[in-house]
Amino acid sequence: MPAEDARGHAAPTLRERITAAAGPGRARRSPRGGAGRIPPRRWRTKDTARPEGGGRAAPGDAPAPARQWPLLTVVGLVTLGLLITALDAFRAGTLIIGLALLGGAVLRWLLPDVGMLAVRSRFTDIATYGFLGLAIVLLALMIQPDPLLKLPFLKDILHFTLTK
């Protein structure tokens, strides 16, 4: 049976005494005896901020595909590139994939709002899309046989790694 005070009311629990002593809006000690402090609720994160440029690419009353046209353009071109690659046109398919990623970097740079194409900060998105797109395009140009881009030092590196 809980303890009662002189007026017949139940005595406050340890948690209630600690909370009351700390006062409203102030940090309080953990009632479980830990050294950690519980910050006031107003300091807790309530939502994740959208990345810069993460707004809709079209007005809110437009249909969903129209609002996300930058992302759908990049994803559609990458899908087309994968389909062409699967149909044995490896160089053309990988070039389309690389150019789609470079196009995504350009869209992210030029447009103020690109919808879900904005994943991180503007700089990080442009750097990521641009680096991956450029790497894929360069690799597509160096595909054997009959590469369109020949880098003489690559042959030396390959020769060095295969010989003792």
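Residues numbered from 1 in each chain as written. Predicted model: local features only at pLDDT ≥ 70, side-chain atom pairs only at ≥ 80, totals over all residues. Heavy atoms only, no water.

> Just checking my understanding: could you explain the side chain of D125 for this structure?
Relative to the helices and strands, D125 resides in helix α5 (residues 122-141). For D125, a relative accessible area of 0% corresponds to the buried category. At 2.8 Å, the side chain of D125 and the side chain of R108 are in polar contact. Within polar-contact distance, the side chain of D125 engages the side chain of R120 at 2.5 Å. (Helix = DSSP H or I, 4+ residues; strand = E, 2+ residues; numbered from the N terminus. Buried < 20%, exposed > 50% of the residue type's maximum accessible area, 1.4 Å probe, protein only. Polar contact = N/O pair within 3.5 Å; in protein donor to acceptor, adjacent residues only side chain to side chain.)

> Help me understand the packing of helix α4 (residues 90-110) against α5 in this model?
The packing of two helices is summarised by the inter-axis angle and the distance between the axes. Between α4 and α5, the least distance of the axes is 8 Å, while the angle of their chain directions is 160°. By the criterion of interaxial angle, the relationship of α4 to α5 is roughly antiparallel. Here α4 and α5 pass one another in a crossing that is left-handed. Residues R91, T94, L95, I97, G98, L99, L101, L102, G104, A105, R108 and W109 of α4 pack against R122, D125, I126, Y129, G130, L132, G133, L134, I136, V137, A140 and L141 of α5. For the contact of α4 with α5, the class distribution of residues is 15 nonpolar, five polar and four charged. (Axes fitted to C-alpha atoms, helices over the stretch in contact; angles between N-to-C directions. Parallel < 35°, antiparallel > 145°, perpendicular 65-115°, else oblique. Left-handed = near helix turned anticlockwise from the far one by under 90°. Contact = heavy atoms within 4.5 Å. Nonpolar A, V, L, I, M, F, W, Y, C, P; charged D, E, K, R; others polar.)

> For this particular structure, what's the right way to read the layout of surface pockets?
The probe, sized like a water molecule, is rolled over the atoms to show the empty space still left. Its volume calculated, the largest pocket comes out at about 200 Å³. Lining of the largest pocket is provided by 10 residues; of these, Q144, P147, L151, L154 and K155 occupy positions nearest its centre. Partitioned by chemical class, the residues of the lining of the largest pocket number seven nonpolar, one polar and two charged. (1 Å grid on protein atoms, 1.4 Å probe; cavity = no way out; pocket = protein on both sides within 12 Å on 5 of 7 lines; lining within 4 Å. Points joined across faces, edges and corners; volume = space filled by probe spheres on them.)

> Help me understand the pattern of salt bridges, please; the structure alone is not making it clear to me.
Pairing of side chains with opposite charge becomes possible as their charged atoms draw close. The final tally for this structure, using the stated rule, is two salt bridges. Residues D125 and R108 are paired through a salt bridge, measuring 2.8 Å at the closest nitrogen-oxygen approach. Residue D125 is found in helix α5, and its partner R108 is found in helix α4; the two are separated by 17 residues along the sequence. The same class applies to D125 as to R108, namely buried. Measuring nitrogen to oxygen at the nearest pair gives 2.5 Å for the salt bridge that ties D125 to R120. Salt bridges sharing partners connect three or more residues here, namely R108, R120 and D125. (Salt bridge = Lys/Arg side-chain N within 4 Å of Asp/Glu carboxyl O.)

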